[in-house]
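Structural overview for review
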There are 2 protein chains.
Amino acid sequence: MSKIYVVGIGPGAYEQMTIQAAQALKDSDVIIGYTVYVDLVKEHFAGKEFLTTPMTKETQRCRMAFEEAAKGKSVSMICSGDAGVYGMAGLMYEVGKDYPEIPVEVLPGVTAATAGAAVLGAPLIHDFCLISLSDLLTPWEKIEARLLHASEADFVICLYNPSSRKRKDYLQKACDLMLRYKPEDTVCATVVNIGRDGQDSQVMTLKELRDTAVDMFTTVFIGNSQTKNIDGRMVTPRGYKDV
Amino acid sequence: MSKIYVVGIGPGAYEQMTIQAAQALKDSDVIIGYTVYVDLVKEHFAGKEFLTTPMTKETQRCRMAFEEAAKGKSVSMICSGDAGVYGMAGLMYEVGKDYPEIPVEVLPGVTAATAGAAVLGAPLIHDFCLISLSDLLTPWEKIEARLLHASEADFVICLYNPSSRKRKDYLQKACDLMLRYKPEDTVCATVVNIGRDGQDSQVMTLKELRDTAVDMFTTVFIGNSQTKNIDGRMVTPRGYKDV
């Protein structure tokens, strides 16, 4: 019986993949993923069978993986970043209930939060939250409550999916909520196209972030009360006490 | 002028390091780190100069890296997991203010949260917080507030440093706080020695977690209201709406 690897390929660059992720793709007959991610790895794994489905067809993509494995092929289902962070790992286990004989193994990867943090300096050194601004599967009220609680508790906050065509003003709405507890001069940053062509970053204040345009390839960082701008780097200290 | 790489080596296993992290270590003259982490990589990078300092001498370790680089050597400062998550990346930029001519680059790695998540199933698929229970540099009141706010906002929570010799009852205290907002049957889990010899995991309820003994090599996961136990796997759905 074949096995399915659910593989986080990291933010984009081949070199940011783990050694075991690259090995799993090398050992697979079939590599399945969203078109954009398959295009990111294709050149490094010549001769493999590549299968893709569009972004909204996630359940169908999972089922495809199990059907290919049922034919005796070894399969890698790839996700950008880490497959377990807003990725396909959970859905694979849910769909996998229909295929109890096919083993699934998740191989972790570098998620956009920590890859983006490395570009910026060290914003996530202390307690932090990841919050997705996408309200496709989550009621906005839930997202709003999380933004408020995370801000009140002085977490560093990293926002995924800060914008899309239908949600142009969501980052602004999120900033207005965070500004209830975080001061206007809180150190913030955006990183775009992490580990890919066109990678770029910008450090700014929360007040400036509120009026910054972002797209779906942007990851947003909001500091805690201790986060500093050190020569253009966003750096959060290890704690609140000077030791 | 030489360069310093601040390298997250992943949870422990060589294969969970990224390709670029392994390359940086290969290209370095000197590899510096806490003794335990240097021992994890030593066999894979024969012929390198290895320098270590004990756990509490972090500032000294950073200064050592800059001093070695100032001699013209290329240096890798290694951390377990990701150097930017409770790691040395921030301190390197702070100490680096005294060495403005030496460039520092952070190479991200797989942090214990996502590596542990991959062992367990998919607990971190939706919004989550990382909270360290160590009150060495952070007032306990701050940690307490974060546990309460994160629980009230229904975040998945991942706890780092859940215990130490001096803080034997901290996980119990943390569970009592989380139980104010999260039900007793919330799906939780512990993972110990992620990616290392003796890796082990256990899925349980929040009530059971409260009375579970953990050590400093344990990472703890507390689900949100939607997290399920699917055949012993801890799985959080992608949202709250059935799509």
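We now turn to the structure provided with this report. This one's a predicted model, so the numbers in the text were calculated from it and none came from an experiment.

Reading the values: the criteria
- Residues numbered from 1 in each chain as written.
- Chains lettered and ligands numbered in written order.
- Predicted model: local features only at pLDDT ≥ 70, side-chain atom pairs only at ≥ 80, totals over all residues.
- Heavy atoms only, no water.
- Pairing = 2+ DSSP bridges.
- Helix = DSSP H or I, 4+ residues; strand = E, 2+ residues; numbered from the N terminus.
- Least-squares fit on C-alpha atoms with pLDDT ≥ 70 in both.
- Contact = heavy atoms within 4.5 Å.
- Axes fitted to C-alpha atoms, helices over the stretch in contact; angles between N-to-C directions.
- Parallel < 35°, antiparallel > 145°, perpendicular 65-115°, else oblique.
- Left-handed = near helix turned anticlockwise from the far one by under 90°.
- Nonpolar A, V, L, I, M, F, W, Y, C, P; charged D, E, K, R; others polar.
- Buried < 20%, exposed > 50% of the residue type's maximum accessible area, 1.4 Å probe, protein only.
- Polar contact = N/O pair within 3.5 Å; in protein donor to acceptor, adjacent residues only side chain to side chain.
- Phe/Tyr/Trp six-rings, centres within 6.5 Å; stacked < 30°, edge-to-face > 60°.
- Lys NZ or Arg CZ within 6 Å of the ring centre and 35° of its normal.
- Core = buried A, V, L, I, M, F, W, Y, C linked by side-chain atoms within 4.5 Å.
- Buried area = accessible area lost by both parts, 1.4 Å probe.
- Salt bridge = Lys/Arg side-chain N within 4 Å of Asp/Glu carboxyl O.

1. Overview of the sheet that holds strand 13 (residues 233-235) of chain B
Residue and element names in this part refer to chain B. On the basis of which strands lie adjacent, the open sheet formed by three strands has the order 6-13-12 and mixed pairing. Each having just a single partner strand, strand 6 (121-122) and strand 12 (228-230) make up the two edges of the open sheet. Looking at chain direction, strand 6 and strand 13 are connected through two bridges and run parallel. Bridging across to strand 13, Ala 122 finds its partner in Val 235.

2. As for the relation of the copies chain A and chain B
Rotating chain A by 180 degrees about the axis while translating it 0.0 Å along that axis superimposes it on chain B, leaving an RMSD of 0.0 Å. Accordingly, the operation relating the two chain copies is best matched by a two-fold axis. Of the residues that chain A buries at the interface, 100% are likewise interface residues in chain B, meaning the two copies contact each other through the same surface.

3. Considerations on the sheet that holds strand 6 (residues 121-122) of chain A
Spatially, three strands are ordered 6-13-12 (chain A) in an open sheet, and the strand pairing comes out mixed. If you trace the sheet from one side to the other, it starts and ends with strand 6 and strand 12 (228-230) of chain A, each paired once.

4. Description of the packing of helix 6 (residues 140-152) of chain A against helix 7 (residues 170-178) of chain A
Residues and elements named next belong to chain A. One way to put it is that helix 6 packs onto helix 7 with a least axis distance of 9 Å and a crossing angle of 40 degrees. On the basis of the axis angle, helix 6 is oblique to helix 7. Crossing hand, helix 6 versus helix 7: right-handed. Here helix 6 contributes Trp 140, Glu 144, Leu 147, Leu 148 and Ser 151 to the contact with helix 7, which in turn contributes Tyr 170, Lys 173, Ala 174, Leu 177 and Met 178. Per-class residue counts for the contact of helix 6 with helix 7 are seven nonpolar, one polar and two charged.

5. Here's the deal with the side chain of Thr 218 of chain A
All names here are of chain A. The residue Thr 218 is located in strand 11 (residues 218-222) in this model. For Thr 218, a relative accessible area of 7% gives the class buried. Of note is the side chain of Thr 218, whose polar atom sits 2.9 Å from the side chain of Asp 215. Here Thr 218 is in contact with Leu 159, Pro 162, Thr 190, Val 191 and Val 192, once residues within four sequence places are set aside.

6. With respect to the packing of aromatic side chains
Given two aromatic rings, one states the distance between the centres and the angle between the planes to describe the pair. The tally for this structure, following the rule as stated, stands at 10 aromatic pairs over all chains. Ring geometry for Phe 66 of chain B versus Tyr 99 of chain B: centroids 4.8 Å apart, planes at 5 degrees, classification stacked. Linking Phe 66 of chain B in helix 3 (residues 58-70) with Tyr 99 of chain B in the loop between helix 4 (89-95) and strand 5 (104-107), this pair joins segments that are 33 residues apart in sequence. Judged by relative accessible area, which is 9%, Tyr 99 of chain B ranks as buried. A cation sits over an aromatic face here: Lys 173 of chain A above Tyr 170 of chain A, 4.6 Å from the ring centre.

7. Thoughts on the nonpolar core
Counting residues in each nonpolar core, the largest one holds 50 residues, and the members touching the most others are Leu 159 of chain A together with Leu 159 of chain B. Among the nonpolar cores identified, the runner-up in size contains 38 residues, and Leu 120 and Val 187 of chain A together with Val 110 and Phe 128 of chain B belong to it.

8. Let's talk about the interface of chain A and chain B
Taken residue by residue, the interface counts 65 residues in chain A and 65 residues in chain B. Both sides of the chain A and chain B interface together cover about 5800 Å² of buried area, and 61% of this is carbon and sulfur. A per-residue breakdown of the area chain A buries against chain B is headed by Leu 137, Arg 146 and Arg 238 of chain A, which together make up 13% of the total. The residue Asp 154 of chain A makes a salt bridge to Arg 146 of chain B at a minimum N-O spacing of 3.9 Å. At the boundary of chain A and chain B, one finds 39 residue pairs in polar contact (both at pLDDT 80 or more). For the side of chain A that touches chain B, a count of residues per class yields 35 nonpolar, 15 polar and 15 charged. Across three bridges, the pairing between strand 7 (residues 128-132) of chain A and strand 7 (residues 128-132) of chain B is antiparallel. Looking across to strand 7 of chain B, one finds that Phe 128 of chain A is bridged to Leu 130 of chain B.

9. As for the pairing of strand 1 (residues 4-8) of chain B
Residue and element names in this part refer to chain B. Counting buried positions along strand 1 yields four of five residues, so the element is predominantly enclosed. Relative to strand 5, strand 1 runs parallel, the two sharing four bridges. Looking at strand 5, one finds that Tyr 5 is bridged to Glu 105.

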